[in-house]
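Read off the chains here:
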Amino acid sequence: MNLIILHIPREICLKLVEKYVSPESRLHLFNAEAGMAALAKYFNEIEPGSEDEHTWAMCGLLHDIDYEQIAGKENMEAHMHEHCGPLTEKFLKEIDFPDDLIRAIQSHNEVQDIPRDSKLAKALFAVDGLTGFIVAVSKVMPDKKVASVKIESVLKRFKEARFAAAVNREHIYTCETELGIPREKLVEIVLGAMKKV
Ligand SMILES: [Fe+2]
Ligand SMILES: [Fe+2]
């Protein structure tokens, strides 16, 4: 996938979030938005103009747009089968989101079996897992704040299999195999971004 620059402003993307995502579930989207923007910035510092921060941020913001709209949430397997399917496409088309970016978003759910064929798609896959993991680490902090989470504590918790067992570490570690970013660096970038949310 060539570099795609999204021309839809954030306020329109946010309206879509407000339409389909309850206030309680929006924080995860804002975290992903911040993490993606920070990661695009990181790549741009290495190779100026190689990625578009706004495009990455909006893909983070909208990546779970269908999640709460899927019926039958009690059956996790069936739910994951639906997540990032036709409903995602339908919602994103409401704001004329480009097809290639819709696919990049859909590819973050492995069940859909859509190849992660861009840096953006690869980043979203790793960032999605990591933001959830960092939130889990923040919950065991005395003040329960992301601001109190340290890079080292996140790295240490990765190794505790029973901690936040639902988060697949392998998804996060694809930053090394697919993006060439050491996990320590990814944590530094995403945690730093989440602290500003
Ligand atoms: Fe998702
Ligand atoms: Fe997500």
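Conventions we followed
- Residues numbered from 1 in each chain as written.
- Chains lettered and ligands numbered in written order.
- Predicted model: local features only at pLDDT ≥ 70, side-chain atom pairs only at ≥ 80, totals over all residues.
- Heavy atoms only, no water.
- Donors = N, O, S within 2.8 Å, 3.2 Å for Na, K, Ca; no water.
- Helix = DSSP H or I, 4+ residues; strand = E, 2+ residues; numbered from the N terminus.
- Buried < 20%, exposed > 50% of the residue type's maximum accessible area, 1.4 Å probe, protein only.
- Polar contact = N/O pair within 3.5 Å; in protein donor to acceptor, adjacent residues only side chain to side chain.
- Contact = heavy atoms within 4.5 Å.
- Phe/Tyr/Trp six-rings, centres within 6.5 Å; stacked < 30°, edge-to-face > 60°.
- Lys NZ or Arg CZ within 6 Å of the ring centre and 35° of its normal.

Trainee: Can you lay out the coordination of the iron ion (ligand 2) for me, pointing to particular residues and giving the numbers?
Mentor: Bound to the iron ion (ligand 2) are the protein donor atoms His28 (NE2), His63 (NE2), Asp64 (OD) and Asp128 (OD), situated 2.2 Å from the metal. Donor residues binding the iron ion (ligand 2) come from one chain and are separated in sequence as H-x34-H-D-x63-D. Taken as a pair, the iron ion (ligand 2) and the iron ion (ligand 1) show a spacing of 3.6 Å, with Asp64 coordinating each metal. Taken together, the residues His28 in helix 2 (residues 26–46) and Asp128 in helix 7 (residues 119–139) connect sequence positions 100 residues apart. Since its relative accessible area comes to 24%, His28 is described here as partly exposed.

Trainee: Describe in detail the side chain of Asn109, supporting the description with residues and values.
Mentor: When you line up the elements, Asn109 lands in the loop between helix 6 (99–106) and helix 7. Of the polar contacts made by the side chain of Asn109, one reaches the backbone oxygen of Met80; its length is 2.8 Å. Beyond its immediate chain neighbours, meaning those up to four positions away, Asn109 contacts Met80, His83 and Cys84.

Trainee: Go over the packing of aromatic side chains, please, and point to the residues and values.
Mentor: Given two aromatic rings, their pairing is described by the distance between the two centres and the angle made by the two planes. In this structure the tally under the stated criterion is six aromatic pairs. With 5.5 Å between their ring centres and 65° between their planes, Tyr42 and Phe43 make a pair best called edge-to-face. For Phe43, a relative accessible area of 4% translates into the label buried. Here the aromatic rings of Phe133 and Phe158 are separated by 4.8 Å at their centres, their planes lie at 45°, and the arrangement is tilted. Residue Phe133 is located in helix 7, and its partner Phe158 is located in helix 8 (residues 151–158); the two are separated by 25 residues in the primary sequence. A residue is classified by how much of its surface remains accessible, and Phe133, at 0% relative accessible area, is buried. When its relative accessible area of 4% is taken as the criterion, Phe158 is described as buried. What links up through ring pairs into an aromatic cluster is the set Phe133, Phe158, Phe163 and Tyr173. Just above the ring of Phe125 sits the side chain of Arg116; from NZ or CZ to the centre is 3.7 Å. The aromatic ring of Tyr173 is capped on one face by Arg183, whose charged end is 3.6 Å from the ring centroid.

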